[in-house]
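In case you want the letters, here they are:
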Amino acid sequence: MAFMDDLKKFGKNVAQKSSDMVETTKINMSISQEKEKINKIFHEMGAAVYEQYKAGNDVGLGELCMQVAEMDAKIAELQAKIMEIKNTAKCPGCGAEVSVETVFCANCGTKLK
Ligand SMILES: [Zn+2]
């Protein structure tokens, strides 16, 4: 009956391995969830550091902040390009996008011309 015993053992091993896999997958999902939470906090930390940098405080991460500032400038440049294409401008009063033909901002009433 050695063959039957081996077969039973084999079946048991397969069942064990599959339940191990389910357990491992569950644990890996928990790890991913925790990592996501960490990334969210890292994002908040980074944004807080950048705000301090913009306010003129030395936060010790000047090089990284400078890189973000360069990207911010690039984004502003690209947004200006879009506004040029769409024939719009930013209201100096509230920052809303308004047509260059508009005399008063529809959002805050600032005189534009
Ligand atoms: Zn406005």
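Numbering of residues starts from 1 in every chain and runs along the sequence as written. At least 70 in pLDDT is required for a residue's local features to be given in this predicted model, at least 80 for side-chain atom pairs to be given and counted, and no such filter applies to totals for whole chains, interfaces and linings, which use all residues.

### Things to note about the overall build of the protein
Thought 1: Helix and strand assignments come from DSSP, with helices taken as H or I runs of at least 4 residues and strands as E runs of at least 2, each series counted from the N terminus. Secondary structure assignment for the protein yields two helices and two strands.
Thought 2: Note on method: radius of gyration uses C-alpha positions; expected globular size equals 2.2 Å times residues raised to 0.38. Computed over C-alpha atoms, the radius of gyration of the protein comes to 29 Å, more than 25% over the 13 Å expected from 2.2 N^0.38 for 113 residues, which places it beyond the range of a compact globule.
Thought 3: The dimensions of the protein, computed from C-alpha atoms along their principal axes, are 100 × 35 × 25 Å.
Thought 4: In the protein, which comprises 113 residues, the share counted as buried stands at 1%.
Thought 5: Any residue pair is listed as a contact if its two C-beta atoms, each placed from the backbone, are within 7 Å. Counting contacts in the protein only where the partners sit at least 6 residues apart, residues at least 24 apart contribute 0% of the total. With C-beta atoms placed from the backbone, a residue counts as buried when 20 or more other C-beta atoms lie within 10 Å of its own, as exposed when 12 or fewer do, and as partly exposed for counts between those limits.

### A word on helix α1 (residues 2-54)
Thought 1: Every helix has an expected span of 1.5 Å times one less than the residues it contains. Across its 53 residues, α1 extends 76 Å between first and last C-alpha, which sits within 8% of the 78 Å expected from 1.5 Å per residue.
Thought 2: For α1, the buried fraction is low: zero of the 53 residues fall into the buried class.

### Overview of helix α2 (residues 62-86)
Thought 1: Given a rise of 1.5 Å per residue, 25 residues ought to cover 36 Å, and the 36 Å separating the end C-alpha atoms of α2 matches this to within 8%.
Thought 2: Across the 25 residues that make up α2, only a small minority, zero, are buried.
Thought 3: Phi for N87, located one or two positions after α2, is positive at around 60 degrees.

### Things to note about unusual backbone geometry
Thought 1: Notably, N87 is not glycine yet its phi reads approximately 60 degrees, a positive angle.
Thought 2: Mapped onto the elements, N87 comes out in the loop between α2 and β1 (88-90).
Thought 3: When the 9 C-beta atoms within 10 Å are taken as the criterion, N87 is described as exposed.

### Concerning the environment of A48
Thought 1: Tracing the backbone shows A48 in helix α1.
Thought 2: It is 10.0 Å that separates the C-alpha atoms of A48 and V59, two residues lying 11 residues apart in sequence.

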